[in-house]
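A look at the structure
One letter stands for each residue in the lines below.
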Amino acid sequence: MLRRLIPVPAFALALISTLLLAACAPQRAPLASTPRPLWAMTESDIAIDPAFRTGTLPSGLRFIVRKGSNPAGTALVRMEIAAGSLDEQDDERGYAHFVEHMAFNGSTRVPEGEMVRLLERAGLAFGADTNAQTSFTYTLYTLDLPRTDPALLDTALMLMRETASELTLSPEAVARERGVILAEMRDRNSWGYRAAVDEMGFAHPAARYPARVPIGTTATLEAATSARLRAFWQRHYVPAKTTVIVIGDLDPAAAEAAIRAHFGDWAAAPAPPQPDAGPVNAADRGRTAVYLDPALSERVTASRHGPWFDERDSTAQRRETLLRQIGYDIINRRLQRLARQADAPFRSAGLGTSDVFRAGRTTSLVVDTVDGGWQRGLRAAVAEYRRALTRGFTAAEVAEQVANVHTAHRNAAAAASTRSNGALVGAALALIRDDVVPATPESSLERLEAFLPAITPDAVLAALTRELVPLDDPLLRFAGRRAPQGGAAALRETWREAMAGGLAEADPVALQPFAYTDFGPPGTVVSDTREPALGIRSVRFANGVRLNLKPTTLERGRIWVSLQLDGGDMLATRANPLATDMTLAFAAGGLGRHSQDDLQTVLAGRTVGFDLSSAPETFAAAAQTTPADLALQLQLMTAYLTDPGYRPEGETLYRQTINAFFARKDATPGSALGAALGGILSDDDPRFTLQPVAAYRVLGFAGLKAALADRLAHGAIELAIVGDVAEDEAIGLVARTFGALPAREAEFRPYPEQRERPFTRNLTQRVIRHTGPADQALLRLTWPTRDGDDPVELLQLELLEKVMRIALTDSLREQLGKAYSPAADSDMPRIWRGYGTFAIAASVSLADLPATRTAIRATVEELRRQPVSDDLLLRARQPLLEAFDNALKSNRGWLALVERAQSRPDRIERQLRAAERLKALTAADVMAAARRYLDPAAAIDVAVIAAEVPR
């Protein structure tokens, strides 16, 4: 795969493994850029997957159609306009995004406000199924169709055509939507956003793109008029800049015909070229900057720029790219190994190269450290950078990465016939954005296997040095909450010392084969039944372990395995509320005979994984594997239960995570609310209340081991296996792993003393303080409801939630323009007796807080006063019905049902009857639920405002 042609600032590199890079070699001369082909496959020796139908209308509009049946009976419709914020003039900043918003606000055939309603009636939820996004280079409109009947496809394409050429852009609608966009701008002004914008400006101070952040500026948005937005829209929404994509469970010929019918008469128009995102200055060096924000963890970034390489997709280029990526992955694997030490020099580090659009490329070394640890971390990361590029790689390191790449290609080929519609859309978008030919997974595997003998350490290093930009006298940027001791000068001096220092020999890594393959004599099956309605097979072993199986053909070559172990948060008591908090670091503690880092190498090329979480009633783990690796996946899970390592590096990771969380917990209204709400609603019950940071810092694996030991040894276990699985073979594999364990408790414990969860009776209005911008505020109203034991009432409140969301969107967003994304949520867990909540929340400006509270209460009163209209009820219910209809069209959907099929068999009955029960609910039922639970006087009113606002 070629590199994506998007700017990836250095702050993202540590999190995005596909953009890792390296440095320190002579640069080759930049290639002369030639005009891009209309379709990349016409100039490539890579054959396009023949299932993709591509074409161009006389007007210049392109289309891509493909049959896809995962999920069955659904389709994805996309329209991409090759125009984004880069196309804006100085006084048009934010216009591409503004026009995107206006696509939902009236056109020739669809009155203002009716587009979303029309789609909701057809079963598409606003936001989830109906959406759009604006980037620097494109604007993408998305419709996820829950059905593929011709009428719905016709509606979808009609709406796309309306957006392309028929928007009304009325002055009144523009004025209303301006408030929504300004609200979005306010909400997105987070510490992370500000750091990203500063990073772009520092990296490329003379480039166009840092001054074209898609949200725009307050001044240009305030000055936007209907006429000016129309001018931008007409200039850039032209056929030659438009691509329509339809992928799903439908006849490709019929889909192509529908595209031609809807777009065939759209007249051609001039297509202005997109301005260059640069310039990117390859000579830029030696600059140093310090950026401070109280929410930021410490990070040092070193980077250099180079020219963009115009590398067209071909077999030779894919081989070159693969060699480079293996080199990056080896270097970052070394850095990861250092980060996993008990006394790690840094929290994480990454080396990578990314394209800056088509204007240049940037090589960056990013080092994340604990506060005050930047010098040690930078020295250690620079040493690995230098060691790799001066001494190269070992055959074992290359073999580890090749094994991972080979397995990924084999798995993709095995699942080729059931690739998801989303993955196919991603391939289509890569073709139009990045000129990457969507080949078949089988042909990609064939090309890889033909190239495997040529992947040597020398070849990897040579490819890496042909691309990377040497980090000589780089740009250095420090980000954190406190300035580095010695300031910018110390940063520069530390870099020079690290680059000039000696390089010790790397310690060899000696590993043993996976040590957990024998758990004793296989267990005996004592019960084997099949549920008649859905065909779920339930097995019980003599030791008490339960196994549920559901073979599917939804994803060829893919299997999901779920583990549910009795305990979870039920072990957290008022006396010891943090008993299981360190579970998030359990897997990082490794095994008794392998560290987590060793496991990554030992299991290279195998599709297995493990992580454990503490859920309300159980300890839970889930992993995706393959038929070939199912045995190993079960062995790995069993090993973690029988011989957890509790190694100190897991404790280190936990404390780093905790310290970072507490340092920024109040940095935004949302995070401040999340930190405080549990205590407010529970009257400070310690099980649901954030404790002082010191309480978390003293936690260690000794305490977690004491809390988990009995459950690991004796707790009830329920396994689920879903996907491309042979049932009898899987039963045999479980018999040799979990089934071979000593006898366990037969049932999940009831924990009656833990089933009580208080809800406060203190109706005093609460105010929480955040440390973000002064104009940001958040309002949340919460009501107590009930638990989820009654399936009808659960659906009744879920329908009320959907009705409330639509009503709030109409009032707070569309009419008042006060909030970008108001929310409603009904939470009715079956965990705590009688406990449930219904909540409404809206992020607003501080000045609009009183008006928002009034509007929310008025909306609630209206829903209590009289039944909603038939149309509103349809718009709320239809997306829910479609979701129920599509719930079991994915292995993940099945897994949610199968994982507790023996201990919670009523979930099956609920699934089977959900649509019937939902259809039976009326507007009167919705009103009754609002009257029963949403008494305005009973709401817990919590406002989050900035710390600097006077009391």
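Residues numbered from 1 in each chain as written. Predicted model: local features only at pLDDT ≥ 70, side-chain atom pairs only at ≥ 80, totals over all residues. Heavy atoms only, no water.

Turning our attention to the sheet that holds strand β23 (residues 940–946). In spatial order, the strands read β19-β23-β20-β22-β21; together these five strands make up an open sheet with mixed pairing. Edge positions in the sheet fall to β19 (766–770) and β21 (823–827), since each of these pairs with one other strand and no more. Neighbour-to-neighbour, the strand axes of the sheet open up by a mean angle of 20°, direction not taken into account. Summarising the sheet, β19 and β23 pair through five bridges and their orientation is parallel. Its bridge partner being in β23, I768 is matched across the sheet by V944. Each of β20 (776–784), β22 (837–845) and β23 is contacted by helix α24 (residues 849–865), which is oriented at about 30° to β20, the strand it contacts most. (Pairing = 2+ DSSP bridges. Helix = DSSP H or I, 4+ residues; strand = E, 2+ residues; numbered from the N terminus. Axes fitted to C-alpha atoms, helices over the stretch in contact; angles between N-to-C directions. Contact = heavy atoms within 4.5 Å.)

So, on to the domain arrangement of the protein chain. One can read the domain layout of the protein chain as domain 1 (52–264), domain 2 (288–414 + 435–500), domain 3 (528–740) and domain 4 (766–867 + 922–946). The centre of domain 1, based on its C-alpha atoms, is set 34 Å off from the matching centre of domain 2. Across the boundary between the two partners, domain 1 contributes 13 residues, which contact 15 residues of domain 2. Buried area between domain 1 and domain 2, both sides added, is near 1200 Å², and the carbon and sulfur share of it is 70%. At the boundary of domain 1 with domain 2, the tally comes to three salt bridges. Taking the shortest distance from any N to any O, the salt bridge between R477 and E199 comes out at 2.6 Å. At the junction of domain 1 with domain 2, the criterion picks out four residue pairs in polar contact (both at pLDDT 80 or more). Take the side of domain 1 that touches domain 2: its biggest share by element is seven residues, from helix α5 (residues 191–203). A breakdown of the residues in the side of domain 1 that touches domain 2 according to their chemical character gives eight nonpolar, two polar and three charged. (Domains from an automatic or database assignment. Buried area = accessible area lost by both parts, 1.4 Å probe. Salt bridge = Lys/Arg side-chain N within 4 Å of Asp/Glu carboxyl O. Polar contact = N/O pair within 3.5 Å; in protein donor to acceptor, adjacent residues only side chain to side chain. Nonpolar A, V, L, I, M, F, W, Y, C, P; charged D, E, K, R; others polar.)

Once that is clear, we can look at the packing of aromatic side chains. Applying the stated criterion across every chain yields a total of 18 aromatic pairs. Ring pairs connect the aromatic residues F586, F610, Y640, Y646 and F701, which therefore count as one cluster. In this arrangement the basic side chain of R62 is found over the ring face of W39, its NZ or CZ atom lying 4.9 Å from the centre. Directly above the aromatic system of Y138 lies the positively charged group of R433, at a separation of 3.7 Å from the ring centroid. (Phe/Tyr/Trp six-rings, centres within 6.5 Å; stacked < 30°, edge-to-face > 60°. Lys NZ or Arg CZ within 6 Å of the ring centre and 35° of its normal.)

At the junction of N70 and P71, the peptide bond is cis and its omega measures out at 5° in the coordinates. Relative to the elements of secondary structure, P71 occurs in the loop between β2 (62–67) and β3 (75–81). Geometrically, the link from G278 to P279 is a cis peptide bond, its omega value of 10° lying close to zero. Phi is positive for L169, which is not a glycine, with a value near 50°. By the secondary structure assignment, L169 is in the loop between α3 (150–165) and α4 (171–188). On the basis of relative accessibility, which here comes to 1%, the residue L169 falls in the buried class. (Buried < 20%, exposed > 50% of the residue type's maximum accessible area, 1.4 Å probe, protein only.)

The strand order across the open sheet formed by five strands is β7-β11-β8-β10-β9, and the pairing between neighbours is mixed. This sheet does not close on itself; its edge strands, each paired only once, are β7 (288–292) and β9 (348–356). Averaged over all adjacent pairs, the angle separating strand axes in this sheet is 20°, with direction ignored. As judged from the five bridges shared by strand β8 (residues 298–306) and strand β11 (residues 475–480), these two strands associate in the antiparallel manner. Bridging across to β11, T301 finds its partner in R477. Together, β8, β9, β10 (360–369) and β11 form the strand contacts of helix α10 (residues 374–391), whose direction differs from that of β10 by roughly 130°.

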